[in-house]
Amino acid sequence: MSSGPGESAPLSALYRDHRDLTPFRTPVIRTPVRGLADGVGGAVSGVLAGRIRGALPVEGGAPRLGKVGGRAPAKAAKAVHAAIFGSSDPDRLIALAHTYPGWAGLCYLMAGLQSYAQGGYLRASELLQRGLLIRNDDDANRYAFTYLARVITRVSVADRVEVPVLFSEEAVFLALSHSLRETGQRETALAVLNGLPPSLPMALARCSLAASLGRDADVVEDTEGLLNGDDLSAALLLVRARSLRKFGANAAARAALQEVLRRRGTDFTLRSDALTDRALLLLDNGRKALSRREWQPRPPADLEPVRAVRKDAELHELWDREYGRADDD
């Protein structure tokens, strides 16, 4: 992720996707409330749209099967098309992989993405890796190019950060990396991301993994000079600030958090995390409050009310000493 020598603006080369059309869509910052709302909304919209619940979402709706490469679809294409867009059962695609060996790689990949979308990370990692190792025949490749370009996989690239990704190299490898991370294979998950085109989702996934492996020096180096241009870069700045805090570089960590808070359009959850991390930094510095007015020494309070209370207490003590307290009081 580090830039080559002599580059005056390394981060623009690292984190800016220069392609006119990218597979990434607007990221989602998840919270418990938003997750519940998305789940209910997704179920309702799926029923209303006639989509199979649990099936992979498709941008613009599921395509109708027509000619593939100028020819009428073969039996294999019809079966695979129905299994992808008319079912949410990965086993159906696995069975087709055995029936049509020339389509096996594609069937395993799509079965892996279905398992990933349903939270079956161990099975997803196995199926995706198997699919990547098998070469498809020309008919399968033409079908994938024609009909799978709008299939969406919502990939988790960091804690609570999801990015919808169209069917592509990035979708498969980011889903595989997250699946490996969820199954405890973090070193392999990080290695899987090597070679992907530069992009913020890839950078966030890599830095999050590196931080979890204790490679905070790599995180700091790879995020040097990053600015808060969108929610993904803000999430990446939070990772940078936490790595800097582990080094004891509190001033640099605070600067990264201030950059998160600078842009007013930053997601509320990310801003809240930045405020929490900033409070922790202040506690590290021995301060007990956010405001300078709160932790600076206060002027002496007015002593007159205190003296009055003390005098009143002394009078009560004298009364008790001289006369005692009545038993019926």
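Residues numbered from 1 in each chain as written. Predicted model: local features only at pLDDT ≥ 70, side-chain atom pairs only at ≥ 80, totals over all residues. Heavy atoms only, no water.

Q: Before we move on, can you summarise the sheet that holds strand β2 (residues 152-158) with the specific residues and values?
A: Pairing is antiparallel across the open sheet formed by three strands, whose spatial order is β1-β3-β2. In the strand order of this sheet, the two ends are held by β1 (28-29) and β2, each with one partner. In this structure, β2 lies alongside strand β3 (residues 161-166), joined through six bridges in antiparallel fashion. Of the residues in β3, the one forming a bridge with Thr-153 is Val-165. (Pairing = 2+ DSSP bridges. Helix = DSSP H or I, 4+ residues; strand = E, 2+ residues; numbered from the N terminus.)

Q: Explain the side chain of Ser-243 to me, using residue names and the numbers behind them.
A: Residue placement: Ser-243 occurs in helix α12 (residues 231-247). Excluding residues within four positions of it along the chain, Ser-243 makes contact with Ala-211, Asp-216, Val-219 and Val-220. (Contact = heavy atoms within 4.5 Å.)

Q: I'd love a proper account of the environment of Arg-242, names of residues and values included.
A: Looking at where Arg-242 falls in the secondary structure, it is placed in helix α12. Under the relative-accessibility criterion, Arg-242 is labelled partly exposed at 38%. Put simply, Arg-242 and Leu-281 are 39 residues apart on the chain and 9.8 Å apart in space, counted from C-alpha to C-alpha. Ignoring any residue separated from it by four or fewer positions in sequence, one finds Arg-242 in contact with Asp-273 and Asp-277. (Buried < 20%, exposed > 50% of the residue type's maximum accessible area, 1.4 Å probe, protein only.)

Q: So what's going on with the confidence of the model for the protein? Residues and values would help.
A: Per-residue confidence for the protein gives a mean pLDDT of 84, with 75% of residues at or over 70. Looking at the elements of the protein, mean pLDDT is at its lowest for helix α2 (residues 32-49), recorded as 46, and at its highest for helix α4 (residues 90-99), recorded as 98. Ignoring residues within four places in sequence, the model shows residues 1-13, a span with pLDDT below 50, making 20 contacts including any to other chains. Note on residues 43-50: pLDDT under 50 across the span, and two contacts to partners over four residues away in sequence or across chains. (pLDDT = per-residue confidence, 0-100.)

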